[in-house]
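As a plain string of letters, each chain reads:
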Number of protein chains: 2
Amino acid sequence: MDIDSMDLYCFVKVAYQKSITRTAHHLHLTQPALTSRLQKLEAKLGVQLLLRSSKGIKLTEEGSLFLKHAIRILKELNAIETELNKLQEGYNTIKSNH
Amino acid sequence: MDIDSMDLYCFVKVAYQKSITRTAHHLHLTQPALTSRLQKLEAKLGVQLLLRSSKGIKLTEEGSLFLKHAIRILKELNAIETELNKLQEGYNTIKSNH
DNA sequence: TAAAGTTACGTTGCGCGTAAATATC
DNA sequence: GATATTTACGCGCAACGTAACTTTA
């Protein structure tokens with residue numbers, strides 16, 4: 001399937017902000033780049049996640065389902081970083097205790 | 001950070017098989033391609049995950065920690081696919097019920 | 001016509017495979 | 001020397017940005 005964490009992050013942000021334009025700014029991307037990313041994510045999953053209109057963005061049922069999982073995965077990724085950092089700090093503490 | 005699911009899958013496979021060569025074959029990749037992927041994963045995380053030797057592969061402490069999270073994320077990704085498929089089947093059932 | 005999203009297109013960087021190098025038993 | 005991993009290098013595709021297009025309120 002090959003989904004990357006940036007895909008998830010982009011989708012979650014768009015889901016919350018309900019706007020591709022605004023989210024693109026926040027992520028330091030252009031609108032077309034973000035549009036393309038979201039289209040490809042939907043293609044990979046084989047489902048439509050977003051309902052686009054000139055008013056903004058709404059989630060489909062599949063989108064809502066995906067959102068829950070995406071958030072869980074992003075939390076898991078954060079946990080990895082945190083735990084790896086702790087492990088590193090542990091070593092440094094040992095090193096500096098001589 | 002930008003980690004993709006293929007990174008996780010590669011790492012988990014290598015962790016279990018304890019060999020880059022063998023895993024590369026199973027994943028239909030060449031050895032250098034897999035090596036490069038693993039190196040970049042370690043670079044992204046800023047930690048060493050694997051201990052390489054001519055005998056094969058062992059996990060570092062960080063590697064073991066990462067493995068647990070990686071497995072959890074892959075399960076979560078599987079769950080997404082399963083649930084999305086169920087949703088689609090649901091629609092088809094409704095459609096065919098006329 | 002303004003503000004949202006999308007399509008078209010050229011460029012660049014990343015991931016791959018082939019080939020050569022290195023290390024350890 | 002056989003078997004493991006790594007480095008070097010060239011190529012192709014995927015992701016980006018700019019610019020033009022489309023839609024709807």
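Note that the structure is a prediction, hence the values are computed from the model and not measured.

Some points on the overall build of chain A
In step 1: A count of helical and extended segments in chain A gives four helices and two strands.
In step 2: The order of α-helices and β-strands along chain A, N terminus first, is α-α-α-β-β-α.
In step 3: Relative to the compact-globule value of 13 Å for 98 residues, chain A shows a C-alpha radius of gyration of 18 Å, a clear excess of over 25%.
In step 4: For chain A, restricting intrachain contacts to residue pairs at least 6 apart in sequence, the fraction spanning at least 24 positions comes to 47%.
In step 5: When the accessible area of chain A is evaluated, it comes to approximately 5,900 Å², of which 53% is carbon and sulfur surface.
In step 6: For chain A, the distance from the average site of its 14 positive side-chain charges to the average site of its 10 negative ones is 8 Å.

Things to note about the confidence of the model for chain A
In step 1: A residue-level look at chain A finds 92% of positions with pLDDT of 70 or above and a mean pLDDT of 92.
In step 2: When the elements of chain A are averaged for pLDDT, helix 4 (residues 61-96) of chain A gives the smallest value, 89, and helix 1 (residues 5-17) of chain A the largest, 98.

Observations regarding the packing of aromatic side chains
Residue and element names in this part refer to chain A.
In step 1: Under the counting rule described, the total for this entry stands at two aromatic pairs over all chains.
In step 2: On the numbers, 5.2 Å between centres and 70 degrees between planes, the contact of phenylalanine 11 with phenylalanine 66 is edge-to-face. Of this pair, phenylalanine 11 sits in helix 1 while phenylalanine 66 sits in helix 4, and the two are 55 residues apart along the sequence. Across the pair, exposure class does not vary: phenylalanine 11 and phenylalanine 66 are buried alike.

Points about the protein's contact with DNA strand C
In step 1: Taken together, 19 residues are adjacent to DNA strand C, and Ile20(A), Thr21(A), Gln31(A), Gln39(A) and Arg52(A) come closest.
In step 2: Near the protein, within 4 Å, the atoms of DNA strand C are sugar or phosphate in 76% of cases.
In step 3: A distance of 3.3 Å separates a sugar or linking oxygen of DNA strand C from a polar side-chain atom of Ser54(B).
In step 4: At the level of elements, helix 2 (20-26) and helix 3 (31-45) of chain A together with helix 3 (31-45) of chain B are the ones that each hand at least two residues to the surface near DNA strand C.
In step 5: Taken together, the residues of the surface near DNA strand C sort by class into six nonpolar, 10 polar and three charged.

Concerning the relation of the copies chain A and chain B
In step 1: Overlaying chain A with chain B gives an RMSD of 0.1 Å, the required rotation being 180 degrees about an axis along which the chain moves by 0.0 Å. Within this description, the copies of the chain are treated as partners about a two-fold rotation axis. Relative to the rotation axis, the C-alpha of Asp4(A) is the closest in chain A, positioned 1.8 Å from it.
In step 2: Interface overlap between copies: 100% of the residues of chain A at the interface are likewise at the interface in chain B, consistent with a symmetric, same-surface contact.

A closer look at the protein's contact with DNA strand D
In step 1: Surveying the vicinity of DNA strand D reveals 19 residues, the closest of which are Ile20(B), Thr21(B), Gln31(B), Gln39(B) and Arg52(B).
In step 2: In the environment of DNA strand D, a phosphate oxygen lies 3.0 Å from a nitrogen or oxygen atom belonging to the side chain of Arg37(A).
In step 3: Taking Ile20(B), its main chain carries an N or O atom lying 2.8 Å from a phosphate oxygen of DNA strand D.
In step 4: The set of elements that each furnish at least two residues to the surface near DNA strand D consists of helix 3 of chain A together with helix 2 (20-26), helix 3 and strand 1 (50-53) of chain B.
In step 5: Residues of the surface near DNA strand D, tallied by class, amount to six nonpolar, 10 polar and three charged.

Description of the environment of Phe11(B)
Residues and elements named next belong to chain B.
In step 1: Phenylalanine 11 sits in the buried class, given a relative accessible area of 0%.
In step 2: Between the C-alpha atoms of phenylalanine 11 and leucine 59, which are 48 residues apart in sequence, the distance is 10 Å.
In step 3: Leaving out residues up to four positions away in the same chain, phenylalanine 11 has contacts with Leu38, Leu41, Leu49, Leu50, Leu59, Gly63, Phe66 and Leu67.

Re the interface of chain A and chain B
In step 1: If you look at the interface, chain A gives 26 residues, while chain B gives 26 residues.
In step 2: Counting each side, the surface lost to burial between chain A and chain B is near 2,700 Å², with a carbon and sulfur contribution of 65%.
In step 3: The largest contributions to the chain A side of the interface with chain B come from Glu76(A), Ile80(A) and Leu84(A), which together make up 20% of the buried area.
In step 4: Our count for the contact surface shared by chain A and chain B stands at two salt bridges.

Rules used throughout
- Residues numbered from 1 in each chain as written.
- Chains lettered and ligands numbered in written order.
- Predicted model: local features only at pLDDT ≥ 70, side-chain atom pairs only at ≥ 80, totals over all residues.
- Heavy atoms only, no water.
- Helix = DSSP H or I, 4+ residues; strand = E, 2+ residues; numbered from the N terminus.
- Rg over C-alpha atoms; globule rule 2.2 N^0.38 Å.
- Contact = heavy atoms within 4.5 Å.
- Areas by Shrake-Rupley, 256 points an atom, 1.4 Å probe, with all protein chains shown as cover.
- Lys, Arg positive; Asp, Glu negative; His and termini not counted.
- Charge placed at Lys NZ, Arg CZ, Asp CG, Glu CD.
- pLDDT = per-residue confidence, 0-100.
- Phe/Tyr/Trp six-rings, centres within 6.5 Å; stacked < 30°, edge-to-face > 60°.
- Buried < 20%, exposed > 50% of the residue type's maximum accessible area, 1.4 Å probe, protein only.
- Near = heavy atom within 4 Å.
- Polar contact = N/O pair within 3.5 Å; in protein donor to acceptor, adjacent residues only side chain to side chain.
- Nonpolar A, V, L, I, M, F, W, Y, C, P; charged D, E, K, R; others polar.
- Least-squares fit on C-alpha atoms with pLDDT ≥ 70 in both.
- Buried area = accessible area lost by both parts, 1.4 Å probe.
- Salt bridge = Lys/Arg side-chain N within 4 Å of Asp/Glu carboxyl O.

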